[in-house]
Structures are given as C-alpha cells and as structure tokens.
Amino acid sequence: DSDDKSRAAASRIVITMRPAMKMTVGCIETLHIADTFNLSKPIKSSEFSYEGNTLRAHFDELNAVLYKDKRVVVSDINVSYKSDGTSCMLEAASVECDSDDKSR
C-alpha cells in the first residue's frame, strides 16, 4: 500500500439493529487517512451507536501520527455527534501530544 491512499482494516465486528443500531469492533488494525492521520497502534476496543439523530463512539485508546509527523495518544475517548449538525462533543480522560510548539 502506498501512503497516498486512505485505508482501514478491522476485525471481530458485531452489529445489532434493535432496539438501537450498535456496532462493536474488537480491533481496528489499520486506519490511514492520506496526508492527515495514521494509526500507530491498533485500537483494541471500540463501540458505536446511532440513536435518533445522534451518533456516539467510544475508543479505549487512540495512538496515532498526525499530519507533519506529530504524535498523539488519547485515552478513554467519547464522541457524540448530531446528524443535523447542531452539536459535536469530544471527551477524553487524557491527551499526550508531541509538538515543536512548546506553548501548548
């Protein structure tokens, strides 16, 4: 695979449709978005749900390299997004980021 193409690979995917749509992914092995994001370590556990107009996601840990080789590690992540665009929320227990800019 060349780094100019986006790609993803996951395993142990379970989807339920009732009473709400839910998906559990046992492991996301690869997640690469060209010129933006590259997963450094597999995400061991993630959960997604869609109820009404709200999409929710939970990841135990995200370890990635961002554009321009900046490393980021985020633990215990919760994301909530309303499909009508009225709100988006991101919560994380901890964030570590390598940066040349020491003011952050």
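**Q** Explain the overall build of the protein to me, please; I cannot follow it from the model alone.
**A** Helix and strand counts for the protein stand at 0 helices and 7 strands. Secondary structure elements in the protein, listed N-terminal to C-terminal, are β-β-β-β-β-β-β. Judged by the C-alpha coordinates and their principal axes, the protein covers about 45 × 35 × 25 Å. Of all 104 residues assigned to the protein, the portion counted as buried reaches 24%. Within the protein, residue pairs in contact and separated by at least 24 positions form 31% of the contacts whose partners lie at least 6 positions apart. Total accessible area on the protein stands at roughly 7500 Å², and carbon and sulfur atoms take up 52% of it. The distance from the centre of the 14 positive side-chain charges to the centre of the 17 negative ones in the protein is 2 Å.

**Q** Looking at this model, I keep getting lost on the state of the cysteines. Mind explaining?
**A** Tallied over the full model, the rule gives 0 disulfides. Left unpaired, Cys88 is separated from the closest cysteine sulfur, that of Cys97, by 19 Å.

**Q** Got a minute to help me understand the layout of surface pockets in this structure?
**A** One simple way to see leftover space: roll a probe sized like a water molecule over the atoms. Within this model, the largest pocket holds a volume of roughly 200 Å³. Among the elements of the structure, strand 2 (21-33), strand 5 (54-66), strand 6 (70-82) and strand 7 (88-97) are those that each provide at least two residues to the lining of the largest pocket. No other element matches the 4 residues that strand 6 contributes to the lining of the largest pocket. Its residues assigned to classes, the lining of the largest pocket comprises 14 nonpolar, no polar and no charged.

**Q** Please clarify how the packing of aromatic side chains should be interpreted in this entry.
**A** The geometry of an aromatic ring pair is captured by the separation of the ring centres together with the interplanar angle, meaning the angle of the planes. This model, assessed by the stated rule, comprises 1 aromatic pair. Seen in terms of ring centroids, Phe48 and Phe59 are 5.6 Å apart; in terms of plane orientation they differ by 80°. Their pairing is edge-to-face. Within this pair, whereas Phe48 is found in strand 4 (residues 46-51), its partner Phe59 is found in strand 5, the two being separated by 11 residues in sequence.

**Q** I'm lost on the environment of Lys44 in this one. Help?
**A** Along the polypeptide, Lys44 turns up in the loop between strand 3 (37-39) and strand 4. You can call Lys44 exposed: its relative accessible area is 65%. Look past the residues within four positions of Lys44 in its chain and what remains in contact with it is Arg12, Val25, Gly26 and Cys27.

**Q** In this structure, what is going on with the nonpolar core? I would like to understand it.
**A** The tendency in soluble globular proteins is for nonpolar side chains to be buried side by side. Within the largest apolar cluster, 12 residues are counted, these being Val25, Ile28, Phe37, Leu39, Ile43, Ala57, Phe59, Leu62, Ala64, Val72, Val74 and Ile77. When contributions to this core are tallied by element, the ones reaching two or more residues are strand 2, strand 3, strand 5 and strand 6. Sort the elements by how many residues they give to this core and strand 5 lands first, with 4 residues. Setting aside residues up to four positions removed in sequence, Val72 forms contacts with Leu62, Asn63, Ala64, Leu66, Val95, Glu96 and Cys97.

**Q** What exactly am I supposed to notice about the side chain of Thr54 here?
**A** Positionally, Thr54 belongs in strand 5. A polar contact of 3.5 Å, which involves the side chain of Thr54, links it to the side chain of Asn53. Among residues more than four places away in sequence, those in contact with Thr54 are Ser49, Ser80, Tyr81 and Lys82.

Conventions adopted
Residues numbered from 1 in each chain as written. Predicted model: local features only at pLDDT ≥ 70, side-chain atom pairs only at ≥ 80, totals over all residues. Heavy atoms only, no water. Helix = DSSP H or I, 4+ residues; strand = E, 2+ residues; numbered from the N terminus. Buried < 20%, exposed > 50% of the residue type's maximum accessible area, 1.4 Å probe, protein only. Contact = heavy atoms within 4.5 Å. Areas by Shrake-Rupley, 256 points an atom, 1.4 Å probe, with all protein chains shown as cover. Lys, Arg positive; Asp, Glu negative; His and termini not counted. Charge placed at Lys NZ, Arg CZ, Asp CG, Glu CD. Disulfide = S-S within 2.5 Å. 1 Å grid on protein atoms, 1.4 Å probe; cavity = no way out; pocket = protein on both sides within 12 Å on 5 of 7 lines; lining within 4 Å. Points joined across faces, edges and corners; volume = space filled by probe spheres on them. Nonpolar A, V, L, I, M, F, W, Y, C, P; charged D, E, K, R; others polar. Phe/Tyr/Trp six-rings, centres within 6.5 Å; stacked < 30°, edge-to-face > 60°. Core = buried A, V, L, I, M, F, W, Y, C linked by side-chain atoms within 4.5 Å. Polar contact = N/O pair within 3.5 Å; in protein donor to acceptor, adjacent residues only side chain to side chain.

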